[in-house]
Amino acid sequence: MNNLSTEYGAILVISGPSGAGKSSLINKVKELIGDFYFSISTTTRPIRTGEEESIHYHYVSKEEFKQDIEDDNFLEYALVHGNYYGTSLKPVKKALKKGQLVIFDIDVQGNAAVRNRLGDISTSVFVTTPSLKILKERLTSRATDTQEVIKNRISMAKIEVQRINEYDFLIINDDLDVAAEKLINIAKASRAKMPSVQINEFVHEWEDNA
Ligand code: ADP
Ligand code: 5GP
């Protein structure tokens, strides 16, 4: 892979248990954080009612997904809740080249992979509810999943919160407006992150200009 960190642009990774409020937060702040590209992942999980191809995900078969892995098309991919999810490299590269902020809604494994490959230009934030009890209530009242799926998401959530210390920021999504304000500040700050290549260039220029 080319060294993407030499390009302009920045990455903001948003993770957190399903039902924590990531989509609600992104929806609330999207008009307030300037130009960004939201990375649409590819998944092998079945499309849900209310979702649309190319808006929520690119929905593919396991065979197609495996072909993409072989062709080295993913920046990162992971098995989550028994389904594959992956971030395609091409649109991310294009957006970074344009200097855009690229936002990912990916899991803890994805965050670790992005940090390894592009930590220089990445900022990460973990979103969660104030408690496990409130997560259960939100998943139940969202009413998009069966009891079995909710149970599965809750056991995943318990594992995911153990890795909060891998993130730059934590947003406890209690009051949505307060949480949105925090996300706006984090998104703005993430754009200002300077890759080490640029820092080195700056230091050289600074010294040369004696
Ligand atoms: P995620 O994208 O993380 O899976 P959602 O944005 O779908 O989560 O939110 C899960 C449910 O919780 C939705 O029904 C949403 O309306 C609700 N919700 C989100 N944030 C809050 C909040 N701060 N207070 C109360 N309910 C919330
Ligand atoms: P859902 O099925 O609820 O849409 O997503 C399940 C989980 O997969 C969420 O935690 C979401 O952040 C994660 N996810 C979605 N897309 C990707 C991706 O491209 N890569 C990784 N690693 N995780 C993803």
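Trainee: Talk me through the site of ligand 2; I want residue IDs and the actual numbers.
Mentor: Neighbouring ligand 2 are 17 residues; Ser41, Arg45, Tyr57, Glu76 and Tyr85 lie closest to it. Between ligand 2 and tyrosine 57 there is a distance of 2.5 Å, counted from an oxygen atom to a side-chain nitrogen or oxygen. Separating a nitrogen atom of ligand 2 from a side-chain N or O atom of aspartate 107 is a distance of 2.7 Å. The fraction of the free accessible surface of ligand 2 (510 Å²) that becomes covered by protein chains is 94%. Elements that contribute at least two residues to the shell around ligand 2 include exactly strand E5 (74-80) and strand E6 (83-88). Taken together, the residues of the shell around ligand 2 break down into 5 nonpolar, 6 polar and 6 charged. A domain split of the shell around ligand 2 shows at least three residues from each of domain 1 (7-35 + 102-210) and domain 2 (36-98).

Trainee: Outline the environment of lysine 66, listing residues and values.
Mentor: Relative to the elements of secondary structure, lysine 66 occurs in helix H2 (residues 62-70). Note: C-alpha distance between lysine 66 and arginine 48 (18 residues apart in sequence) is 22 Å.

Trainee: Help me get a handle on the packing of helix H1 (residues 22-29) against helix H7 (residues 176-191), residues and values and all.
Mentor: One way to put it is that H1 packs onto H7 with a least axis distance of 9 Å and a crossing angle of 70 degrees. The angle between the axes of H1 and H7 places the two elements in the roughly perpendicular class. When you trace H1 past H7, the crossing you get is right-handed. Along the contact surface, H1 presents Ser24, Leu25, Ile26, Lys28 and Val29, while H7 presents Leu176, Asp177, Ala179, Ala180, Leu183 and Ile184. For the contact of H1 with H7, a count of residues per class yields 8 nonpolar, 1 polar and 2 charged.

Trainee: Could you give an account of the packing of helix H5 (residues 132-142) against helix H6 (residues 147-160), naming the residues involved and the relevant values?
Mentor: Interhelical geometry of H5 versus H6 gives an angle of 150 degrees and a closest axis separation of 11 Å. Considered as vectors, H5 and H6 are oriented roughly antiparallel to each other. Here H5 and H6 pass one another in a crossing that is right-handed. Residues Leu132, Leu135, Lys136, Leu139, Thr140 and Arg142 of H5 form the contact with H6, whose participating residues are Ile150, Arg153, Ile154, Ala157 and Lys158. Of the residues belonging to the contact of H5 with H6, the class tally is 6 nonpolar, 1 polar and 4 charged.

Trainee: Which residues make up the confidence of the model for the protein, and what values do they have?
Mentor: Here the protein averages 93 in pLDDT, while 97% of its residues score no lower than 70. A low-confidence stretch, residues 1-7 stays under pLDDT 50, and its non-local contacts, those more than four residues away or across chains, total 15 contacts.

Trainee: With reference to specific residues and values, describe the site of ligand 1.
Mentor: With respect to spatial proximity, 13 residues lie near ligand 1, and among them Gly19, Lys22, Ser23, Ser24 and Asn173 are the closest. Within the backbone of lysine 22, a nitrogen or oxygen atom sits 2.8 Å from an oxygen atom of ligand 1. Protein chains bury 74% of the 570 Å² of accessible surface belonging to ligand 1 in isolation. The greatest single-element share of the shell around ligand 1, amounting to 3 residues, is contributed by H1.

Calculation criteria
Residues numbered from 1 in each chain as written. Chains lettered and ligands numbered in written order. Predicted model: local features only at pLDDT ≥ 70, side-chain atom pairs only at ≥ 80, totals over all residues. Heavy atoms only, no water. Near = heavy atom within 4 Å. Polar contact = N/O pair within 3.5 Å; in protein donor to acceptor, adjacent residues only side chain to side chain. Areas by Shrake-Rupley, 256 points an atom, 1.4 Å probe, with all protein chains shown as cover. Helix = DSSP H or I, 4+ residues; strand = E, 2+ residues; numbered from the N terminus. Nonpolar A, V, L, I, M, F, W, Y, C, P; charged D, E, K, R; others polar. Domains from an automatic or database assignment. Axes fitted to C-alpha atoms, helices over the stretch in contact; angles between N-to-C directions. Parallel < 35°, antiparallel > 145°, perpendicular 65-115°, else oblique. Left-handed = near helix turned anticlockwise from the far one by under 90°. Contact = heavy atoms within 4.5 Å. pLDDT = per-residue confidence, 0-100.

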